[in-house]
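Examining the three-dimensional arrangement
Here's the letter readout for the chains.
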Amino acid sequence: MTRTIRPGAAIFFNILRRLMQRRIAILLVFATAAHALLMLTFDLTERSFSEVTVGLFLAVALPVTGLITAGAALGDERTENTMPYLLVKPIPRWLVAVSSLLASVATVMAVSTLGILLAWWLGARATGNNGIGWPMLVAMVIIAVGYSAVFVPIGLIARRSTLIGLAYILIWEGIIARVVDGVAASSIWRIGLTAYADLGGDLPRDVDDLLATLTPGTGGAVVKVLVLTAISITATTWLLRKQDMA
Amino acid sequence: MTTPDTTTVSVENVSKWFGQKVAVSEITSTFGPGVTGLLGPNGAGKTTLLRMMTGLVRPSEGRITIEGIDPHDDYRALNAVGFVAEDEAVYKHLTARKFVRFNAVLAGAADPDGDTEQVIELVDLQGAADRPVGGFSKGMRQRTKVAAALVHRPRVLLLDEPLNGADPVQRSHLIDLFKTLGARGYTVIVSSHVLHEVERMADRIIAITDGRLAASGDVRSLRALMTDIPQTIRIDADKPRILAAALIGTPYASGVKLERDTIHVEAADPAGLARAIARLAKQHDVIVSRIQPEDESLESVFSYLVHRR
C-alpha cells in the first residue's frame, strides 16, 4: 500500500504545486472571484445571489478554470518533457492518472476558494441565510471533478487543449446543448447546476432555463461525474501505456 | 555480446517507425554489466532505442526486455532502470535535493532521504542542493538528472548524451563515475555522438547510423575498422607540385588535388600513404610542414561503416 500511496502523493503534490505556480493561476483566482466582487456592487437578495453565482461563476468562470487547469495537469508534463520522471518508474500508470486528476481538482478548488468564501460571506450577511453557500460549494466540486475528468486526458493528447475546451464550452455547451434535446446531459456545468438547483430550491426563471431538459438532483449529478471520472482514469491510463513519449 | 547469464537488457530484432520515417531498423543486441557506448551521429536512432528500453516508446516490431521482463507490459521491469533523458527538462520549481528525493520516492527507494544525500554527494552537488534546479547551468542539470537516475540504485543505467553541457571537469567526473558503476557490475548504456568520449568510458561500442546497427565490438576492434576508412588527407609542403606528381604514381592515393601550397589526397590506404609521403618527400627533397586528415567527422566514419556492411 505504501508503494502506492507515497508515489501517488508525491505526484499529486508535484503537479499541484506546478499548477498553482503558473502565472495564469493568479488570473484564475480573480476570474473565479469575479462573481463575488460583482456582489459588492448591488443590494444582494437570494435571487440575485443565485443569478450571479450560476451565470458568472458556475457556468463561465469555473468551466474555464477547470479546462485550463486540467489540460495542463499532464499536458505540461508532456510539452515540458518531464514525463519520463513519472513513467520510467516502477509504478502503475493508473496511479499517475489518478494523482494528476486529483491534483487538477484540488487546484481548481484552491483557486476558487477566495471567490466561494467571499460570495458565501456576502450572501449570508445580506440575506441572513448562513447556509446560502452550500449549493454553490457542492456544485463547484461536481463541476471541478467533471471538467478535470474530461480535460486531463485531452491535455495529454492535444497541445491545444484550452482551445478545444473553449470551443466545447462556447459551442457545445453554450449553443447546441440549449437547442438540441438530450445534449444538455453532456454539459458538465449543467450537471453541477442540477445539484445546485436540487440543494438550493427554486431557481429564478432565467437561471432555470439554463438547465434545459435536465431535472434537479444531487445524487444523479454525483453518479454522472463518478462515471465520468472512471472513464477518464481508464482513458488516461490507456493513453499513458499506449502513447509513444518520443 | 554478453553471455546468457549476464544479459540484463535484451534487444531482439527491434524496429521502430514514426509514420513513414524509420527511426530504428531490425536491431538485435544484448547488454550486460559494464559500460556500453551507443555511438552514432545525431538522428541515428540512439534516443529512440534508449526510449524503447525504458518503455517510453513501444517498438513497432521486435521485443526488448530488462532482466527478462518487457517494460511495456510490466512496469515492475523499471525497478531495475535509471534513465537520464537527452533534453534538459527538469521540474524547475524544485530544488536539486527535492527533485532527487521526488525521483527516489517514485522509484520506491528504501530510504528516500538517505539515498538522496548519498547520490547528491556522488555527483558533487552538495553546495547547490538547496537551489532551484531551474536556475542551474546545463552541466549542473545533467548532474542532478544523473543523481535522480541513480537514487534507487538501479542495476541498469540508460544515459542519453549525459555529458551534454558539462564542463571538462564535470565531464571527467561523470566519466569516472560511469566507469566505476560499470566496474561494480551495473549495466551502463550511454549514448553519445562524440567518439573520444565513448572511448574513454566504454568497454564495448555499438555504432548506429540511419537506425541500423553499423558495427559492434570492443573499442579496439572498432578502432581497427576505422583505420581502414578512405580519408582525405591535407598535406602542406614547400614543393607541392613535385610531391603531388610523385603521389599520383603510388597505389595509396586514389585522387590528388593541388590548391596553392596544399595537396588534398584521397587516400585509399591511409597507413600506406603515410609511409609513402615520408619516403617520397625524402626522395624528392620536399619539406612537409603538415599532414592532417580532413574528414574525421563521426558521420563519415559511420557512413563508411554502413557502406562496408
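It should be noted that the structure appears before, not after, this text.
Residues numbered from 1 in each chain as written. Chains lettered and ligands numbered in written order. Predicted model: local features only at pLDDT ≥ 70, side-chain atom pairs only at ≥ 80, totals over all residues. Heavy atoms only, no water.

Some remarks on the overall build of chain A
Each helix and strand in chain A was counted, giving ten helices and zero strands. For chain A, the succession of helices and strands along the chain, N to C, is α-α-α-α-α-α-α-α-α-α. Over its C-alpha atoms chain A spans a radius of gyration of 18 Å, differing by no more than 12% from the 18 Å that the globule rule assigns to 246 residues. Taking the principal axes of its C-alpha atoms as reference, chain A extends roughly 55 × 35 × 35 Å. When burial is assessed residue by residue, chain A has 53% of its 246 residues classed as buried. (Helix = DSSP H or I, 4+ residues; strand = E, 2+ residues; numbered from the N terminus. Rg over C-alpha atoms; globule rule 2.2 N^0.38 Å. Buried < 20%, exposed > 50% of the residue type's maximum accessible area, 1.4 Å probe, protein only.)

As for the overall build of chain B
Along chain B, the regular secondary structure elements total ten helices and 13 strands. Taking all 309 residues of chain B together, the buried fraction comes to 54%. Long-range contacts, defined here as pairs at least 24 residues apart, represent 68% of the contacts in chain B between residues at least 6 apart. Just so you have it, chain B exposes about 13600 Å², and 48% of that area is on carbon and sulfur atoms. Looking at chain B, you have 37 positive and 39 negative side-chain charges, and the mean spots of the two groups are 2 Å apart. (Contact = heavy atoms within 4.5 Å. Areas by Shrake-Rupley, 256 points an atom, 1.4 Å probe, with all protein chains shown as cover. Lys, Arg positive; Asp, Glu negative; His and termini not counted. Charge placed at Lys NZ, Arg CZ, Asp CG, Glu CD.)

Description of the side chain of Glu-77 of chain A
Its place among the elements puts Glu-77 of chain A in helix H3 (residues 46-79). Within the structure, Glu-77 of chain A has its side chain in polar contact with the side chain of Arg-18 of chain A (distance 3.0 Å). Contacts of Glu-77 of chain A, omitting those with residues within four sequence positions, involve Asn-14, Ile-15, Arg-18, Thr-82, Met-83 and Leu-86 of chain A together with Tyr-91 of chain B. (Polar contact = N/O pair within 3.5 Å; in protein donor to acceptor, adjacent residues only side chain to side chain.)

Quick notes on the environment of Gly-114 of chain B
All names here are of chain B. Among the secondary structure elements, Gly-114 is positioned in helix H3 (residues 112-122). Given the relative accessible area of 23%, Gly-114 is considered partly exposed. Residues Gly-114 and Ala-104, spaced ten residues apart in sequence, show a C-alpha to C-alpha distance of 9.9 Å.

Some points on the interface of chain A and chain B
By a widespread convention, an interface's size corresponds to the accessible area lost as its parts come together. Taken together, the contact between chain A and chain B spans 29 residues of the former and 32 residues of the latter. Buried surface at the junction of chain A and chain B, both sides included, amounts to about 2800 Å², of which 57% is carbon and sulfur. Between Lys-16 of chain B and Asp-244 of chain A there is a salt bridge; the shortest N-O distance is 2.5 Å. Our count for the chain A to chain B interface comes out at nine residue pairs in polar contact (both at pLDDT 80 or more). Of all the secondary structure elements, the ones that give two or more residues to the side of chain A that touches chain B are helix H1 (2-20), helix H4 (83-87) and helix H10 (218-242) of chain A. By residue number, the principal contributor to the side of chain A that touches chain B is H1 of chain A, which donates eight residues. Tallied by class, the residues present in the side of chain A that touches chain B amount to 13 nonpolar, five polar and eleven charged. (Buried area = accessible area lost by both parts, 1.4 Å probe. Salt bridge = Lys/Arg side-chain N within 4 Å of Asp/Glu carboxyl O. Nonpolar A, V, L, I, M, F, W, Y, C, P; charged D, E, K, R; others polar.)

A closer look at the packing of helix H2 (residues 96-106) of chain B against H3 of chain B
Residues and elements named next belong to chain B. Where H2 contacts H3, the two axes come as close as 9 Å, and the packing angle between them is 125°. Here H2 is positioned oblique relative to H3, judged by the angle of their axes. The two elements H2 and H3 cross, and the hand of that crossing is right-handed. Taking contact as the criterion, the partners of Arg-97, Val-100, Arg-101, Ala-104 and Val-105 in H2 are, on H3, Pro-112, Asp-113, Thr-116, Glu-117, Val-119 and Ile-120. For the contact of H2 with H3, the class distribution of residues is six nonpolar, one polar and four charged. (Axes fitted to C-alpha atoms, helices over the stretch in contact; angles between N-to-C directions. Parallel < 35°, antiparallel > 145°, perpendicular 65-115°, else oblique. Left-handed = near helix turned anticlockwise from the far one by under 90°.)

A closer look at unusual backbone geometry
All names here are of chain B. Here Asp-124, not a glycine, exhibits a phi torsion of approximately 65°, which is positive. Tracing the sequence through the fold places Asp-124 in the loop between H3 and helix H4 (138-150). Overall, Asp-124 belongs to the partly exposed group, its relative accessible area being 46%. The backbone of Asp-210 shows a phi angle near 50°, a positive value even though the residue is not glycine. Secondary-structure assignment places Asp-210 in the loop between strand E8 (204-209) and strand E9 (212-218).

Considering the sheet that holds strand E11 (residues 253-259) of chain B
Residue and element names in this part refer to chain B. A sheet is described by the order of its strands in space; here four strands give the open sequence E11-E12-E10-E13, paired in antiparallel fashion. In this open sheet, the two edge strands, each paired with only one partner strand, are E11 and strand E13 (288-293). Neighbouring strand axes in the sheet, compared pairwise and without regard to direction, differ in orientation by 20° on average. Packed onto the sheet, helix H8 (residues 240-248) meets strand E10 (231-237), E11, strand E12 (262-267) and E13 and runs at close to 165° relative to E11. (Pairing = 2+ DSSP bridges.)

Description of the packing of aromatic side chains
The geometry of an aromatic ring pair comes down to the distance between the two centres and the angle between the two planes. All names here are of chain A. What the rule picks out here adds up to eight aromatic pairs over all chains. Ring plane angle 65° and centroid distance 6.1 Å describe the contact between Phe-151 and Tyr-168, whose orientation is recorded as edge-to-face. Remark: Tyr-168 occurs in helix H7 (residues 161-179) and Phe-151 occurs in helix H6 (residues 134-157); sequence separation between them is 17 residues. For Tyr-168, a relative accessible area of 19% corresponds to the buried category. (Phe/Tyr/Trp six-rings, centres within 6.5 Å; stacked < 30°, edge-to-face > 60°.)

Quick notes on the nonpolar core
Counting residues in each nonpolar core, the largest one holds 151 residues, and the members touching the most others are Leu-58, Leu-86 and Tyr-196 of chain A together with Val-11, Leu-49, Met-53 and Phe-99 of chain B. The biggest single contributor to this core is H3 of chain A, with 13 residues. Once residues within four sequence positions are removed from consideration, Leu-86 of chain A is found in contact with Ile-11, Leu-74, Glu-77, Ile-91 and Val-96 of chain A together with Tyr-91, Phe-102 and Leu-106 of chain B. Grouped together as the second largest cluster of nonpolar side chains are 16 residues, Ala-244, Leu-247, Val-265 and Leu-280 of chain B included. (Core = buried A, V, L, I, M, F, W, Y, C linked by side-chain atoms within 4.5 Å.)

Quick look at the pairing of strand E7 (residues 187-192) of chain B
All names here are of chain B. Of all six residues that make up E7, six are buried, and the element is covered over most of its length. The two faces of E7 match: Thr-187, Ile-189 and Ser-191 on one face and Val-188, Val-190 and Ser-192 on the other face are all buried. In this structure, strand E6 (residues 156-160) lies alongside E7, joined through five bridges in parallel fashion. The residue bridging Leu-158 from the neighbouring strand is Ile-189, located in E7. Remark: the E6/helix H5 (residues 168-183)/E7 crossover connection has right-handed handedness. (Right-handed = clockwise from strand over helix to strand, strands pointing away.)

A word on the packing of H7 of chain A against helix H8 (residues 188-200) of chain A
Residues and elements named next belong to chain A. Packing of H7 against H8 leaves a shortest axis separation of 10 Å and a crossing angle of 60°. Taken as axis vectors, H7 and H8 run oblique relative to one another. Two secondary-structure elements touch here, H7 through Tyr-168, Glu-173, Ala-177 and Arg-178 and H8 through Ile-188, Trp-189 and Arg-190. For the contact of H7 with H8, a count of residues per class yields four nonpolar, no polar and three charged.

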